[in-house]
Amino acid sequence: MGIALNKKVRIGCVPEHFSSPLYQLSSSYDDIELVICPGGTGEMIQLLTTGKLDIIVALTEGLLASLSNNESRFKLIGTYVSSPLTWSVATHPDKKPHHTFTAASDASQEELESRWEILKDSKIGVSRFGSGSHLIPFVMADRMGWLDSNKKTKSDSGSVLKGSGGDASVLPFEFVVQKDIHGLRNGIVSKETDAFLWERFTTKPYYDSGELYHFTSVTPPWSAFMLAASTDFIKSDSSRLAPLLEKITKATSSFAAEQNRSASIDFIHKKFGYNVNDVDSWFKTVRYPQNARQVSEKVVWDCVGILRKAGLVGSEMALRDVSVGEFVDINVAMVVA
């Protein structure tokens, strides 16, 4: 066991299979406190910026959307999952088309994208504004060309992440806040909403039970999860960050190692109750970085580019050139191409 020479580092994460290496890491070191945040990225950013967390493992798009709205109380310090996250689009079983409609899990990318047209102007359930469930629909909208003539303005609160993101009359979706996966599921069952987006393996049990229908999927072109630290923690405890990121690298590398695959699958199965075959399939799609301190500059600009087109970048930042240092602490992270 590690010896706690300093106060505990409070690390926020979601209660999902991706976080398994963090669960294992926190059980091995007394100076790490893992804080589980079922509300996802939006909840974690709120806790980070109010001093209740020191570091968070959150969705890339959520972190960059917040930073793009002049949020200066945290910076990116590394990458947690380098592979992109595939989001499934869940709808009510009544929305299931005729029997010749290929299941989303078996459909080609071209066929998946052909279904997106049906979702235009629909009610989309989201956990919080600024969360991945709110932002990823704009990836879909961008690929469909729905953002090309979209002229958004800031909301009355002064932040494009409050409310729907601007003038609702020109948005391709109407968003309804439903807190978490349980609220999102209830929104579909009650038909308050038409669809919601969530990580595909987390929603699969609802598809298997018949409560929800897997209508289509969306995969953004960037790393799924990044690490961010509050500026207060960076200022007061910067010397702890590099060793901590090294521990995270070792934990994810060990978890994903081929020789540990069986044990890792068993851990997820017992911890989260997922089907073993589903976990095995997930392992074939996920990649953890070789060094958690690395941040891809391309990932940052690809994501910020979509946010700009969606009108989800604060007006001050949208009107000027920005440097990667406004998003990343370059004294902690290793910026790569």
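These remarks concern the structure in this document. Here the residue numbers are simple positions, counted from 1 along each chain's written sequence. Selection of residues for local features in this predicted model requires a pLDDT of at least 70, selection of side-chain atom pairs for listing and counting requires 80 or more, and totals for whole chains, interfaces and linings are taken over all residues. For the side-chain quantities, the full set of heavy atoms in the structure was used; hydrogens and water were omitted.

### Points about the side chain of Asp329
Consideration 1: Numbering goes from the N terminus for both helices and strands, where a helix is a DSSP run of H or I of at least four residues and a strand is a run of E of at least two. By the secondary structure assignment, Asp329 is in the loop between α13 (315–318) and β12 (334–336).
Consideration 2: Excluding residues that lie within four positions of it along the chain, Asp329 makes contacts with Lys75, Leu76, Ile77 and Ile234. The contact criterion used is simple: two residues touch if any of their non-hydrogen atoms lie within 4.5 Å.

### Some words on the sheet that holds strand β5 (residues 87–91)
Consideration 1: A pair of strands counts as paired when DSSP detects no fewer than two bridges linking them. The strand order across the open sheet formed by five strands is β7-β6-β8-β5-β9, and the pairing between neighbours is mixed. Whereas interior strands pair on both sides, the edge strands pair on one side only; in this sheet they are β7 (174–177) and β9 (213–218). For this sheet, the mean angle separating the axes of adjacent strands, direction not counted, is 35°.
Consideration 2: Judged from the two bridges that link them, strand β6 (residues 123–126) and strand β8 (residues 195–199) form a sheet pairing that is parallel. The residue of β8 that forms the bridge with Gly125 is Phe196. To get an axis, fit a line to the C-alpha atoms, keeping to the stretch in contact for a helix; angles then go from 0 to 180 degrees between the N-to-C directions.

### Some details on unusual backbone geometry
Most peptide bonds take the trans configuration, and most residues that are not glycine carry a negative phi.
Consideration 1: At Asp121, a residue that is not glycine, the phi angle is positive and equals roughly 70°.
Consideration 2: Examined against the element boundaries, Asp121 turns out to sit in the loop between α4 (109–114) and β6.
Consideration 3: In this scheme, a residue with accessible area under 20% of its type's maximum is buried, one over 50% is exposed, and one in between is partly exposed, where area comes from a 1.4 Å probe on protein chains only. Residue Asp121 is classed as exposed on the basis of its relative accessible area of 59%.
Consideration 4: In this structure, Lys179 is a non-glycine residue whose phi angle is positive, near 80°.
Consideration 5: Here Lys179 shows up in the loop between β7 and α6 (181–189).

### Looking at the sheet that holds strand β3 (residues 55–59)
In a beta sheet, neighbouring strands pair by backbone hydrogen bonds and run either parallel or antiparallel.
Consideration 1: Spatially, five strands are ordered β2-β1-β3-β10-β4 in an open sheet, and the strand pairing comes out mixed. Every interior strand has two partners, whereas the edge strands, β2 (32–36) and β4 (74–81), have only one. If you compare each strand with its neighbour and ignore which way they point, the axes differ by 25° on average.
Consideration 2: Across five bridges, the pairing between strand β1 (residues 9–13) and β2 is parallel. Bridge pairing in β2 links Arg10 to Glu33.
Consideration 3: In the packing of helix α2 (residues 40–49) onto the sheet, contacts are made with β1, β3, β4 and β10 (225–230), and the angle to β3 comes to roughly 155°.
Consideration 4: On the sheet, helix α9 (residues 241–256) packs against β1, β2, β3, β4 and β10 and is oriented at approximately 20° with respect to β4.

### Here's the deal with the pairing of β10
Consideration 1: With six of its six residues buried, β10 lies for the most part within the structure.
Consideration 2: Taken together, the five bridges between β3 and β10 define a ladder with antiparallel strand orientation. Looking at the pairing, Leu59 lines up with Phe225 of β10.
Consideration 3: Note: β4 against β10, six bridges, orientation antiparallel. Of the residues in β10, the one forming a bridge with Val81 is Phe225.

### What about the pattern of salt bridges?
Consideration 1: Salt bridge, as used here: a side-chain nitrogen of Lys or Arg that lies within 4 Å of a carboxyl oxygen of Asp or Glu. Going through the model one piece at a time under the given rule, you end up with 13 salt bridges.
Consideration 2: For Arg185, the salt bridge goes to Glu211, with nearest N and O atoms at 2.5 Å. In this pair, Arg185 sits in helix α6 while Glu211 sits in the loop between α7 (200–209) and β9, placing the two residues 26 residues apart along the sequence.
Consideration 3: Put simply, Asp266 and Lys270 hold a salt bridge, and the shortest N to O gap is 3.1 Å. One end of the pair, Asp266, and the other, Lys270, are both in helix α10 (residues 261–272), four residues apart, so they sit about a helical turn from each other.

### Considerations on the packing of α7 against helix α11 (residues 276–283)
Consideration 1: Packing of α7 against α11 leaves a shortest axis separation of 11 Å and a crossing angle of 145°. By crossing handedness, the relation of α7 to α11 is classed as right-handed. On the side of α7, the interface is formed by Phe201, Lys204 and Asp208, while α11 contributes Asp278, Ser281 and Trp282.
Consideration 2: The class makeup of the residues in the contact of α7 with α11 is two nonpolar, one polar and three charged. Helix crossings are classified by the rotation of the near helix relative to the far one: an anticlockwise turn of less than a right angle makes the crossing left-handed, while a clockwise turn makes it right-handed. Under the grouping applied here, Gly and all other residues not named as nonpolar or charged are polar, the nonpolar ones being Ala, Val, Leu, Ile, Met, Phe, Trp, Tyr, Cys and Pro and the charged ones Asp, Glu, Lys and Arg.

### Re the state of the cysteines
Consideration 1: The term disulfide is used for any two cysteine sulfur atoms that are within 2.5 Å. Across all of its chains, the model carries zero disulfides by this definition.
Consideration 2: Cys13 supplies the cysteine sulfur nearest to Cys37, a cysteine that is in no disulfide, at a spacing of 7.0 Å.

### Thoughts on the environment of Glu33
Consideration 1: Looking at the element boundaries, Glu33 is found in strand β2.
Consideration 2: The partly exposed category is assigned to Glu33, whose relative accessible area is 35%.
Consideration 3: When the C-alpha positions of Glu33 and Asp54 are compared, they lie 10.0 Å apart, and in sequence the two are 21 residues distant.
Consideration 4: Setting aside chain neighbours within four positions, we find Glu33 in contact with Lys8, Val9, Arg10 and Ile11.

Any link to function would need more than the numbers given here.
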